[in-house]
Amino acid sequence: DPAATESAEGVEVSPHTVDRAADGRHLCVALQHLRSGEQLELEIVRQGQLAESNQVLYQALDLARPTTTPGPLQQANALDRLAANEGRRGLVTRANNYTSDALKIRAKHLGKDSLGYANALLNAADWYRFSAQFKRERDLEHEALAILERQLGPQDPFLAVPLIRIATSHIAQHAHV
């Protein structure tokens, strides 16, 4: 992406990811969100105010990038929550971008051949299935399967998880048509 920038961790993120906040009160809310986990966002979501929930997350990300306190996994988790919110609002392209950015952060932080990254790929694949993007879902599941085979060996029973997911993705795709 030619308009992409680098965060404090050197991970490339799209410019849509962060919305600048000018109001100091909102920054305090964002900082509170970072410190208290998901509770503030969940309360806003429960009240049906997804746009406001996203605003809090944008501000939390804005605060997280220049500081060393929130780690890259916290940033990736915030991006996952943004993706979920945007998906619920029907903004699939934006949700895809957030999901992709979260995976980039996890790949850099966890390593592209780690079990943690394989798990992140499987979690991201859930979004793509939910949004009926079956080919992208299976691409992530195949990538996770390859990592798991290298890390656990070809006979490990856990390999059944991505294999079953790949098979059910084909079934879901044919049922969706």
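You'll find the structure just up there.
Read on for an overview of the structure. (Residues numbered from 1 in each chain as written. Predicted model: local features only at pLDDT ≥ 70, side-chain atom pairs only at ≥ 80, totals over all residues. Heavy atoms only, no water.)

**Thoughts on the overall build of the chain**
Keep this limit in mind: For helices the rule is a DSSP run of H or I covering at least 4 residues; for strands it is a run of E covering at least 2, with both sets numbered from the N terminus onward. For this analysis, residues touch if any pair of their heavy atoms sits within 4.5 Å. In short, Shrake-Rupley with a 1.4 Å probe defines the accessible areas, and a residue's cover is counted only from the protein chains shown.
The secondary structure content of the chain amounts to 8 helices and 2 strands. Each helix and strand of the chain, ordered N terminal to C terminal, gives the series β-β-α-α-α-α-α-α-α-α. Look at the contacts in the chain between residues 6 or more apart in sequence, and 62% of them connect residues 24 or more apart. A total of about 9300 Å² of accessible surface is found on the chain, and carbon and sulfur atoms cover 55% of it.

**A word on the side chain of Arg106**
Here Arg106 is to be found in helix H5 (residues 92–110). Ignoring sequence-local partners within four residues, the contact set of Arg106 consists of Leu73, Ala76, Asn77, Asp80, Gly111, Tyr117 and Ala120.

**Observations concerning the nonpolar core**
Most often, soluble globular proteins keep nonpolar side chains buried together rather than apart. We apply this condition: The definition of a nonpolar core used throughout is a set of buried Ala, Val, Leu, Ile, Met, Phe, Trp, Tyr and Cys residues joined through side-chain atoms within 4.5 Å. In this scheme, a residue with accessible area under 20% of its type's maximum is buried, one over 50% is exposed, and one in between is partly exposed, where area comes from a 1.4 Å probe on protein chains only.
Core analysis: the largest hydrophobic core is formed by 26 residues, its most contacted members being Leu79, Leu103, Tyr117, Leu121 and Leu140. Ranked by residues supplied to this core, first place goes to helix H6 (residues 115–130) with 9 residues. Discounting residues that sit within four places of it in the chain, Tyr117 has contacts with Leu103, Arg106, Ala107, Leu110, Gly111, Lys112, Glu143 and Ile147.

**Points about the environment of Ala160**
By secondary structure assignment, the location of Ala160 is in helix H8 (residues 160–176). The class for Ala160 is partly exposed, based on a relative accessible area of 34%. As for Ala160 and Leu145, which are separated by 15 residues in sequence, their C-alpha atoms are 9.0 Å apart.

**Notes on the packing of helix H4 (residues 72–88) against H5**
To characterise two packed helices, one gives the angle between the axes of the helices and the distance between these axes. Definition in use: To get an axis, a line is fitted to the C-alpha atoms, and for a helix only the part in contact is used. The angle between two axes follows their N-to-C directions and goes from 0 to 180 degrees. For classification purposes, an angle smaller than 35 degrees is called roughly parallel, one larger than 145 roughly antiparallel, one from 65 to 115 roughly perpendicular, and anything else oblique. The handedness criterion is simple: a crossing whose near helix is rotated anticlockwise from the far helix by less than a right angle is left-handed, and one whose near helix is rotated clockwise is right-handed. When residue character is reported, Ala, Val, Leu, Ile, Met, Phe, Trp, Tyr, Cys and Pro are called nonpolar, Asp, Glu, Lys and Arg charged, and the others, Gly included, polar.
Taken N-terminus to C-terminus, the directions of H4 and H5 make an angle of 165°; their axes are 8 Å apart at the nearest point. Classified by the interaxial angle, the pair formed by H4 and H5 is roughly antiparallel. Note that H4 runs across H5; the crossing there is left-handed. Contacts between H4 and H5 involve Pro72, Leu73, Gln75, Ala76, Asn77, Leu79, Asp80, Leu82, Ala83, Glu86 and Gly87 from the first element and Arg94, Ala95, Tyr98, Thr99, Asp101, Ala102, Ile105, Arg106, His109 and Leu110 from the second. In terms of residue class, the contact of H4 with H5 is built from 11 nonpolar, 5 polar and 5 charged.

**Structural notes on the packing of aromatic side chains**
Which entries qualify depends on this criterion: Each pair of aromatic rings taken from Phe, Tyr and Trp, with Trp reduced to its six-membered ring, is defined by centres within 6.5 Å and is described as stacked if the planes are under 30 degrees apart, edge-to-face if over 60, and tilted in the remaining cases. Charge over a ring is defined by NZ of Lys or CZ of Arg lying within 6 Å of the ring centre and within 35 degrees of the ring normal.
All chains considered together, the criterion is met by 1 aromatic pair. Over the ring of Tyr128 we find Arg136, and its NZ or CZ is 5.4 Å from the ring centre.

**Quick word on a nonpolar patch on the surface**
Here is the rule: Patch membership requires more than 30% relative accessible area and the absence of a salt bridge. Residues of like charge join within 9 Å; the nonpolar side chains Val, Leu, Ile, Met, Phe, Trp and Tyr join within 5 Å. Here, a salt bridge means any side-chain nitrogen of Lys or Arg that lies within 4 Å of a carboxyl oxygen of Asp or Glu.
A cluster of nonpolar side chains, Leu115, Leu152, Phe158 and Val161, forms an exposed patch at the surface whose accessible area comes to about 300 Å². With respect to the helices and strands, the residue Leu115 is situated in helix H6.

**Observations concerning the environment of Asn97**
Looking at the secondary structure, you find Asn97 in helix H5. Considering only alpha carbons, one finds Asn97 and Ala83, 14 residues apart in sequence, at a separation of 7.8 Å.

**Here's the deal with H4**
Put simply, the rule reads: Expected span of a helix, by definition, is 1.5 Å for each gap between consecutive residues, and there is one gap fewer than residues.
Spanning 17 residues, H4 covers 24 Å between terminal C-alpha atoms, matching the ideal 24 Å at 1.5 Å per step. Listing the buried residues of H4 in full gives Pro72, Gln75, Ala76, Ala78, Leu79, Arg81, Leu82, Ala83, Asn85, Glu86 and Gly87. Where H4 ends, the next residue or the one after it, Gly90, has phi of about 85°, a positive value.

By themselves, these are just geometric observations and shouldn't be taken as functional.
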